[in-house]
Amino acid sequence: MFRRILTVVGARPQFVKAAVVSRAINAHNAESECQALHEEIIHTGQHYDYLMSGSFFEEMEIPPPAVNLGVGSGPHGEMTGAMLAALEVEICRRGPDLVLVYGDTNSTLAGALAAAKLRVPVAHVEAGLRSFNRAMPEEINRVLTDRISALLFCPSEGSKEQLAKEGIREGVRVVGDVMHDATLFYGRRAIPQNVSGPFAAATIHRAENTDSVPRLRGIMEALGRAPLPVVLPLHPRTRAAMIRAGISAPSNVRTTEPLSYFGMLGLLKECTFVVTDSGGLQKEAYYLGKRCVTVRDETEWTELVECGANRVVGAECETIEAAFAWAARPLTCARPLYGLGDAGVRIVNELIGR
Ligand code: UD1
C-alpha cells in the first residue's frame, strides 16, 4: 500500500486528470479511515494564467497545491531542468511513498525523473500511449516516463500491449481513461456557450502546428472553408504564433480566450463536430458523441480512428477540408474504448493494494 501520495501536475489537461483521482482518494478516505491515503499536490507552474490553471482548480474543487514551483514557460531543457531541481527538494522534504504523474508534458517527465532518481516509486496515469513520432516533445516524455515507472496505468489493452512490446510488463494495469470519468462526472456541470446555430469547435496548440507557419496557415485556411461557423478558443501560444506569422482568423471563425473546463464541455456538447490537435479533446469529442478531425500526422489514441470516431488528416488545407462532410454526420460508434468511467476508483484500489 502506498499511503503518502505526492501528485505532480503543471499543465491544463493534468488538472482534469488529477481532479478525478483526488476525488476518488477523498471518497475512499471517507469510507475507510484506517486505510486513508494522504495526497499532496505539487504544481510545477508550467501553466500559470488563470484561464490555463486557476479556473480548473476552482471549477473542479481540486485541493489547492501544497506548493506552486512557479517554473513558468521557457525552452524545454530549461523548464524541465528547473522543475527537476525544485521537485527533488520537495520530494526529499515531503517523503512520499509514491509520486503520481499524468500524461505526457514536461511536468510529467520532471516529476517521474526526480522521483526515480530518489528511488521513490512512480505511478504514471496514461501509460503505454505512443504516437511513434519522436519529434514531438510529448512522445519523448511518454517513453521516458513509462521506462522509469513502477506502476503503469493504461487506458486500454492496446496501450498495455505496447508496453509489453517494449519489455515493460511489471506493474502494468489497464484501468481505463480518467478523462472518461471526468466527462461523465463533470459533464452535468458543463457551462452552455449559447452559440446560435450549428458550429464546429476547434482548438490548435501543438508545437508542430503553431511553430510551423505553413501548417498553421493550412489549418486556418481549412477552418475558413468549413461548411459552418467555427468557434476557436485560442491557446496563448497559438495567439502569439498567429500574430507573429501575420495570420488572421477567417471570417467564419470566432476566436475566444481559452475556455474553462466546464466551458469547454459546454462547447463540445453543443457543437456539430470537433477539429483539434489536442489528445484530450479527441477523446472528449468521442465521449460526448461527436466526430473529430485531428489536424496532426498521427495520434496516440488509435482506437478512436479504428472505430470511426476520428480521422487524422494532417495540416494541409485540402485534406482537412475534405474531412468536414464526414465529420458533420452523427457518430454511431458506441463501443466503450477506454473503460467504463471508473478509472479513478481503479487507480485508488491499486494504490491501496486492493
Ligand atoms: C503543454 C504540453 C502539451 C499539452 C499542453 C496543454 C509539454 C511539452 N507540452 O503544451 O503536451 O497538450 O501543455 O495545454 O509539456 N503560455 C501562457 N500562459 C500559460 C501557459 C503557457 O501564455 O499559462 C504560453 C507561453 O507563451 C508558453 C507557451 O504558451 O511559452 C507554451 O506553453 P508550454 O507550457 O511550454 O506548452 P504548451 O503548448 O501549453
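Caption draft 1: Structural context of the overall build of the protein chain. Each helix and strand in the protein chain was counted, giving 15 helices and 13 strands. The C-alpha radius of gyration computed for the protein chain amounts to 20 Å, which stays within 12% of the reference 20 Å derived for 354 residues, consistent with globular compactness. Residues classed as buried in the protein chain amount to 59% of the 354 residues present. Contacts spanning at least 24 positions in sequence make up 69% of the contacts within the protein chain whose residues lie at least 6 apart. As displayed, the protein chain offers around 14300 Å² of accessible surface, 52% of which is attributable to carbon and sulfur atoms. Measuring between centres, the 37 positive side-chain charges of the protein chain sit 2 Å from its 40 negative side-chain charges.

Caption draft 2: The nonpolar core, seen in detail. Within the largest apolar cluster, 36 residues are counted, with the highest numbers of intra-cluster contacts made by Met-60, Leu-100, Phe-153, Tyr-186, Tyr-261, Ile-347 and Leu-351. The element contributing the most residues to this core is helix H1 (residues 12-31), with eight residues. Among all residues touching Ile-347, those that are not within four sequence positions of it are Val-21, Val-125, Phe-153, Val-175 and Val-178.

Caption draft 3: Examining the pattern of salt bridges more closely. The tally for this structure, following the rule as stated, stands at 23 salt bridges. One salt bridge connects Arg-296 with Glu-298, and the closest N-O pair in it is separated by 3.7 Å. What makes Glu-298 buried here is its relative accessible area of 16%. Salt bridges linked by common partners bring Asp-104, Glu-139, Arg-142, Glu-208, Arg-296, Glu-298 and Glu-300 together as one network.

Caption draft 4: Region of the structure containing the sheet that holds strand S9 (residues 230-233). With respect to topology, six strands assemble into an open sheet ordered S10-S9-S8-S11-S12-S13, the strand pairing being parallel. Two strands close off the open sheet at either side, each with one partner strand: strand S10 (253-256) and strand S13 (310-312). On average, each strand axis in the sheet is inclined to that of its neighbour by 20°, with strand direction left out of account. When strand S8 (residues 200-203) meets S9, the two strands line up parallel, connected through two bridges. Along S9, the bridge assignment pairs Ala-200 with Val-230.

Caption draft 5: Geometry of the site of the ligand. In the neighbourhood of the ligand, 21 residues make up the surrounding shell, with His-47, Asp-49, Asn-106, Glu-138 and Arg-237 lying closest. A distance of 2.6 Å separates an oxygen atom of the ligand from a polar side-chain atom of His-47. Contributing elements (two or more residues each) for the shell around the ligand: H1, helix H3 (76-94), helix H5 (137-147) and helix H10 (236-245). For the shell around the ligand, a count of residues per class yields seven nonpolar, eight polar and six charged.

Caption draft 6: The arrangement of the packing of helix H7 (residues 178-186) against helix H12 (residues 279-287) in detail. Running from amino to carboxyl end, H7 crosses H12 at an angle of 50°, the nearest separation of the two axes being 10 Å. By the criterion of interaxial angle, the relationship of H7 to H12 is oblique. The way H7 lies across H12 gives a crossing that is right-handed. Seen from H7, the contacting residues are Met-179, His-180 and Thr-183; seen from H12, they are Gly-280, Lys-283, Glu-284 and Tyr-287. For the contact of H7 with H12, the class distribution of residues is two nonpolar, three polar and two charged.

Caption draft 7: Region of the structure containing unusual backbone geometry. The phi dihedral of Arg-119 falls on the positive side, at around 60°, and the residue is not glycine. Tracing the chain through its elements places Arg-119 in the loop between helix H4 (106-117) and strand S5 (122-125).

Caption draft 8: Representation of the packing of aromatic side chains. On inspection of all chains with the given rule, the structure shows 10 aromatic pairs. Plain terms: the ring middles of Phe-15 and Phe-57 are 5.0 Å apart, the flat faces sit at 55° to each other, and that makes the pair tilted. Taken together, the residues Phe-15 in helix H1 and Phe-57 in helix H2 (residues 54-59) connect sequence positions 42 residues apart. Here the aromatic residues Phe-15, Phe-56, Phe-57, Phe-185, Tyr-186, Tyr-261 and Phe-262 are joined through ring pairs into a cluster of three or more. Sitting over the face of the ring of Phe-185, Arg-23 holds its NZ or CZ atom 3.4 Å from the ring centroid.

Caption draft 9: Geometry of helix H14 (residues 317-327). For H14, every residue scored as buried is listed here: Cys-317, Ile-320, Ala-323, Phe-324, Trp-326 and Ala-327. For H14, the angular spread of buried residues about the axis comes to 165°, placing them on one side. Turned more than 90 degrees off the buried face of H14, the exposed positions are Glu-318, Ala-322 and Ala-325. For H14, the secondary structure elements touched by its buried residues are helix H9 (213-224), strand S11 (273-276), strand S12 (291-294) and S13.

Caption draft 10: Local environment of the sheet that holds strand S1 (residues 4-9). Taken together, the seven strands give an open sheet; going across it, the order is S3-S2-S1-S4-S5-S6-S7, and neighbouring strands pair in parallel fashion. The open sheet has two free edges, formed respectively by strand S3 (67-68) and strand S7 (172-174), since each of these has just one partner strand. One ladder, built from four bridges, connects S1 with strand S4 (residues 98-102); its direction is parallel. Looking at S4, one finds that Val-8 is bridged to Val-101. In the packing of helix H15 (residues 343-351) onto the sheet, contacts are made with S1, S4, S5, strand S6 (151-154) and S7, and the angle to S6 comes to roughly 165°.

Reading the values: rules and limits
- Residues numbered from 1 in each chain as written.
- Predicted model: local features only at pLDDT ≥ 70, side-chain atom pairs only at ≥ 80, totals over all residues.
- Heavy atoms only, no water.
- Helix = DSSP H or I, 4+ residues; strand = E, 2+ residues; numbered from the N terminus.
- Rg over C-alpha atoms; globule rule 2.2 N^0.38 Å.
- Buried < 20%, exposed > 50% of the residue type's maximum accessible area, 1.4 Å probe, protein only.
- Contact = heavy atoms within 4.5 Å.
- Areas by Shrake-Rupley, 256 points an atom, 1.4 Å probe, with all protein chains shown as cover.
- Lys, Arg positive; Asp, Glu negative; His and termini not counted.
- Charge placed at Lys NZ, Arg CZ, Asp CG, Glu CD.
- Core = buried A, V, L, I, M, F, W, Y, C linked by side-chain atoms within 4.5 Å.
- Salt bridge = Lys/Arg side-chain N within 4 Å of Asp/Glu carboxyl O.
- Pairing = 2+ DSSP bridges.
- Axes fitted to C-alpha atoms, helices over the stretch in contact; angles between N-to-C directions.
- Near = heavy atom within 4 Å.
- Polar contact = N/O pair within 3.5 Å; in protein donor to acceptor, adjacent residues only side chain to side chain.
- Nonpolar A, V, L, I, M, F, W, Y, C, P; charged D, E, K, R; others polar.
- Parallel < 35°, antiparallel > 145°, perpendicular 65-115°, else oblique.
- Left-handed = near helix turned anticlockwise from the far one by under 90°.
- Phe/Tyr/Trp six-rings, centres within 6.5 Å; stacked < 30°, edge-to-face > 60°.
- Lys NZ or Arg CZ within 6 Å of the ring centre and 35° of its normal.
- Arc of directions from axis to C-beta.

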